Amino acid sequence: MSSYDAIADWYETTLVPGWRADPLEFGPVLRELLGPGTGACLELGVGTGAHAERLRQLGRTPLGVDVSAGMLRHAAGRLPVVRGDATALPIATGAVPAVVAIMVHTDMPAYPAVLREAARVLAPGGVFVHVGVHPCFCGGFADRTDSRAVVIRPGYRETGWTTESWSDQGLRDKVGATHWPLPELLGAVLEAGLVFERFAEGGAPTPTVFAWRARKLRR
């Protein structure tokens, strides 16, 4: 059972509606990094499928995988989904032209293994886009009570899981989150065999989102 099963309804009715106004700039970031295209786009940790329409608007055909049956109950009406572990994807090697991970890497303590699986299922030349909370400005060490003056306490350089949060309105205090300092997070992408192409940030005035596009080289 996933920790998200217990909060799936809250997530869908409280968190997702707040994303529709796009304060974190998911739309612009995906347009910049993923861009228009055709064919399947696999979303890792798809949750309730909140980003499926944004992927369709880019011409992609969204598919989703998640470990939480509760979350997938909401997602099933938005896109084709399968219950599965992102560290062992039920997808053939080289099968998809695009993979995205949107606001999920802190939910995945084994994210380096997830990146390796993303690289495995990508077709040669395929694109992987990560959109996640900003490692430098979001975490148990960051107090964002005042978005104009984020307070960064000791803890950024410590990798690990925590439920410590500045707010009781988000996910971190409910299901916890894993923090990866920026060098470790980016290093895991390179170790997975992906090549960086572009970076972006989202949210203002201090970025909440850090994102990148990487590609699987043709051999």
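Before reading further, recall that the structure is shown in the block above.
Residues numbered from 1 in each chain as written. Predicted model: local features only at pLDDT ≥ 70, side-chain atom pairs only at ≥ 80, totals over all residues. Heavy atoms only, no water.

A few points about the overall build of the protein chain
Then, in step 1: Helix and strand counts for the protein chain stand at seven helices and eleven strands.
Then, in step 2: The C-alpha radius of gyration computed for the protein chain amounts to 16 Å, which stays within 12% of the reference 17 Å derived for 219 residues, consistent with globular compactness.
Then, in step 3: Here the C-alpha coordinates of the protein chain stretch approximately 45 × 35 × 30 Å along the principal axes.
Then, in step 4: A burial count over the protein chain gives 55% of its 219 residues as buried.
Then, in step 5: In the protein chain, the share of contacts with a sequence separation of at least 24, taken over all contacts with a separation of at least 6, comes to 63%. (Helix = DSSP H or I, 4+ residues; strand = E, 2+ residues; numbered from the N terminus. Rg over C-alpha atoms; globule rule 2.2 N^0.38 Å. Buried < 20%, exposed > 50% of the residue type's maximum accessible area, 1.4 Å probe, protein only. Contact = heavy atoms within 4.5 Å.)

Comments concerning helix α1 (residues 8-19)
Then, in step 1: The first and last C-alpha atoms of α1 sit 15 Å apart over twelve residues, in line with the 16 Å expected at 1.5 Å per residue.
Then, in step 2: The set of residues buried in α1 consists of Ala-8, Tyr-11, Glu-12, Leu-15, Val-16 and Trp-19. What you see down the axis of α1 is that its buried residues fit within an arc of 125°, all on one side.
Then, in step 3: In this structure, the buried side of α1 is in contact with α2 (26-33), α3 (52-57) and α4 (69-75). (Expected span 1.5 Å × (residues − 1). Arc of directions from axis to C-beta.)

Quick notes on the packing of aromatic side chains
Then, in step 1: All chains considered together, the criterion is met by eight aromatic pairs.
Then, in step 2: Judged by centre distance (6.2 Å) and plane angle (70°), the ring pair of Tyr-4 and Tyr-11 falls under edge-to-face.
Then, in step 3: Residue classification places Tyr-4 among the buried positions, given a relative accessible area of 9%.
Then, in step 4: Arranged with centres 5.9 Å apart and planes meeting at 15°, the rings of Phe-199 and Phe-210 form a pair that is stacked. With Phe-199 in strand β10 (residues 194-202) and Phe-210 in strand β11 (residues 209-216), this pair connects stretches of sequence that are eleven residues apart. (Phe/Tyr/Trp six-rings, centres within 6.5 Å; stacked < 30°, edge-to-face > 60°.)

What to know about the sheet that holds strand β4 (residues 96-102)
Then, in step 1: Taken together, the seven strands give an open sheet; going across it, the order is β3-β2-β1-β4-β5-β11-β10, and neighbouring strands pair in mixed fashion. Two strands bound the open sheet, and with one partner strand each, they are β3 (81-83) and β10. Across this sheet, the average inter-strand angle for adjacent strands is 20°, counted without regard to direction. (Pairing = 2+ DSSP bridges. Axes fitted to C-alpha atoms, helices over the stretch in contact; angles between N-to-C directions.)

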